[in-house]
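Survey of secondary and tertiary structure
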Amino acid sequence: MDKLIIEGKSTLKGQVKISGSKNSALPILAATLLTEETCILANVPRLRDTDTMCKLLISLGKDVERVKDKVVIRQNKKLNYIADYDLVSTMRGSFCVLGPLLAKLNKVKVSMPGGCVIGIRPVDLHLKGIKALGAKVAIENGYVIAKCKRLKGTSLYLGGVFGSSVLATANIMMAATLAEGETIIESAACEPEIKDLAGFLKSMGAKIKGAGSPQIIIKGVSSLKGSKYKIIPDRIEAGTFMLMAAATKSSIAINGACLEHLMALVDKLNEAGVSIVKEGRSLRVKPARHIKAVSITTHPYPGFPTDLQAQFLSFMSLAKGISIITDKVYPDRFIHIAELNRMGANIRREGINAISEGGRVLFGAPVMASDLRASAALVIAGLAAEGKTEIHRIYHLERGYEDLDRKLALLGAKVCRAKE
Ligand code: UD1
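Small disclaimer: the values here were computed from a predicted structure and weren't measured.

Definitions and limits used
- Residues numbered from 1 in each chain as written.
- Predicted model: local features only at pLDDT ≥ 70, side-chain atom pairs only at ≥ 80, totals over all residues.
- Heavy atoms only, no water.
- Phe/Tyr/Trp six-rings, centres within 6.5 Å; stacked < 30°, edge-to-face > 60°.
- Helix = DSSP H or I, 4+ residues; strand = E, 2+ residues; numbered from the N terminus.
- Buried < 20%, exposed > 50% of the residue type's maximum accessible area, 1.4 Å probe, protein only.
- Polar contact = N/O pair within 3.5 Å; in protein donor to acceptor, adjacent residues only side chain to side chain.
- Contact = heavy atoms within 4.5 Å.
- Pairing = 2+ DSSP bridges.
- Core = buried A, V, L, I, M, F, W, Y, C linked by side-chain atoms within 4.5 Å.
- Axes fitted to C-alpha atoms, helices over the stretch in contact; angles between N-to-C directions.
- 1 Å grid on protein atoms, 1.4 Å probe; cavity = no way out; pocket = protein on both sides within 12 Å on 5 of 7 lines; lining within 4 Å.
- Points joined across faces, edges and corners; volume = space filled by probe spheres on them.
- Nonpolar A, V, L, I, M, F, W, Y, C, P; charged D, E, K, R; others polar.
- Parallel < 35°, antiparallel > 145°, perpendicular 65-115°, else oblique.

**Thoughts on the packing of aromatic side chains**
Summed over all chains, the structure comprises three aromatic pairs. Geometrically, the ring pair formed by Phe-312 and Phe-315 is edge-to-face, given 5.7 Å between the ring centres and 80° between the ring planes. Placement of both Phe-312 and Phe-315 in helix α10 (residues 309-316) is noted, with a separation of three residues, approximately one turn of the helix. Look at Phe-312 and you get buried, because its relative accessible area is 0%.

**Observations concerning the side chain of Thr-50**
Mapped onto the fold, Thr-50 is located in helix α2 (residues 48-59). With a relative accessible area of 0%, Thr-50 lands in the buried category. There is a polar contact of 3.1 Å between the side chain of Thr-50 and the backbone oxygen of Leu-47. If near-sequence neighbours (up to four positions away) are discounted, Thr-50 is found in contact with Ala-25, Leu-26, Leu-29, Val-44, Pro-45 and Arg-66.

**Observations regarding the pairing of strand β9 (residues 143-147)**
Taken across its five residues, β9 has four buried, putting it largely inside the fold. Here strand β7 (residues 107-111) runs beside β9; their pairing, made up of five bridges, is antiparallel. For Lys-107, the partnering residue across the bridge sits in β9 and is Lys-147. Across five bridges, the pairing between strand β8 (residues 136-140) and β9 is antiparallel. Across the sheet, the residue bridging to Ala-138 is Ile-145, located in β9.

**A word on the nonpolar core**
The nonpolar side chains of a soluble globular protein tend to be buried, and buried together. In this structure, Val-97, Met-173 and Leu-201 are the most contacted members of the largest nonpolar core, which totals 71 residues. In this structure Met-173 touches Ile-185, Ile-194, Leu-197, Ala-198, Leu-201, Ile-208, Ile-216 and Ile-218, once residues within four positions along its chain are discounted. By size, the runner-up hydrophobic cluster in this structure holds 69 residues, among which are Val-285, Ala-288, Leu-340 and Val-415.

**Observations concerning the sheet that holds strand β16 (residues 275-279)**
Hydrogen bonds between backbone groups are what pair the strands of a sheet, and the pairing can be parallel or antiparallel. Ordered in space as β2-β15-β17-β16, the four strands form an open sheet in which the pairing is mixed. With partners counted over all chains shown, the strands left at the sheet margins are β2 (15-17) and β16, one partner each. On average, each strand axis in the sheet is inclined to that of its neighbour by 25°, with strand direction left out of account. Sheet topology places strand β15 (residues 253-255) next to strand β17 (residues 282-286); three bridges connect them, and they run antiparallel.

**A word on the layout of surface pockets**
As a volume, the second largest pocket reaches approximately 400 Å³. Forming the walls of the second largest pocket are 19 residues, and the residues nearest its centre are Lys-9, Ala-247, Lys-249, Ile-291 and Leu-318. Class assignment for the residues of the lining of the second largest pocket results in nine nonpolar, five polar and five charged.

**Overview of the packing of helix α8 (residues 235-247) against α10**
Two numbers describe how α8 lies on α10: the axes approach to 10 Å, and their chain directions differ by 5°. One finds that α8 runs roughly parallel with respect to α10. Of the residues in α10, those in contact with Ile-236, Thr-240, Leu-243, Ala-246 and Ala-247 of α8 are Gln-311, Phe-312 and Phe-315. A per-class count over the contact of α8 with α10 returns six nonpolar, two polar and no charged.

Geometric values such as these leave the question of function open.
Now the structure itself:
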């Protein structure tokens, strides 16, 4: 197992290229189950999570070949309808094979993904959706088993206690592409990754309108064809680099990111005194002289993303004054507070709020990565801190940040990877 060693107080310089979106790549890879024809995906990030999804596709009967950022998915044998515990339990995103397998094979058995350190993470909306499309669903020995003759289009409301669900929307949209008749999903997730998935499905011949809005209309077709498709840039990776630059008071250029996907973060960065300006095809981060304390509340898109909450809290621990960070998507996603406090931050948790009294000097420390985005928050703190930070268990970072240590080194950060 590797650890990341960061020598802090470095100023970042130069430019960084953003990789393809992990959260687009996962459902799009799953969507290739909807056709026997070959699909070629470009801009697929090389990550532990995309590797896990490729392994899952292989276990389901696909041949998967990866060359740099391209993944070619072919099928030479019958699909298997069982998605095993071993692969689904390591990554929640695997659950989005449910919709495509059910639509294609009329039966599916997928391991329940279980909870994780960021919260309980139920799947009730996924099950509500496939039931509405006519599937009979049972839960047996930790597996979801669903069967149908052919899925039937319907109107359904997919909002939950915490708002819309990204992967439930993805699952139901994929299932509905091969259903008989029209499906209308109300309270659908509006995330850019849903629009990207719809873009891929449409390139396969699916009939979808409204993706990216709360109402998605899908007209079922009898089959889908193979396709070539390029995945959008990762807005969470881009946002994390913005916060790294902001926290180290650095000016860097971020290449290949999409500004319109990052407006909630950019607005809050502006409030804190940081400017993000378009410079040709890049986004330039111009740091604040004095970082102002600002508060954020996470919401589904276009609100402030929960996947940037931990990194923003880390940044706010450097701002003079009080900021309140509220997570309304994952109210328990605060495991990073304790580790940030070990580095000198002053953050306390009150229910779904983290209250940071910032402006102190952070100092390097040995810390433990606990989940993907919490680990990114520790990298931000380590870059801004005085002295050496050792981040243990960095395999969490490898789930969602392609070549992070190399990209940081190119920006002039003093980082290195070492064996534990
Ligand atoms: C996706 C992202 C994840 C991000 C999250 C929220 C992927 C692979 N992962 O996860 O990085 O943090 O969106 O933006 O795209 N919920 C229910 N019932 C359900 C499903 C979800 O109550 O059946 C709740 C969740 O517990 C959470 C909220 O809805 O409170 C949003 O979760 P959801 O959008 O489903 O997250 P994921 O799609 O799993």
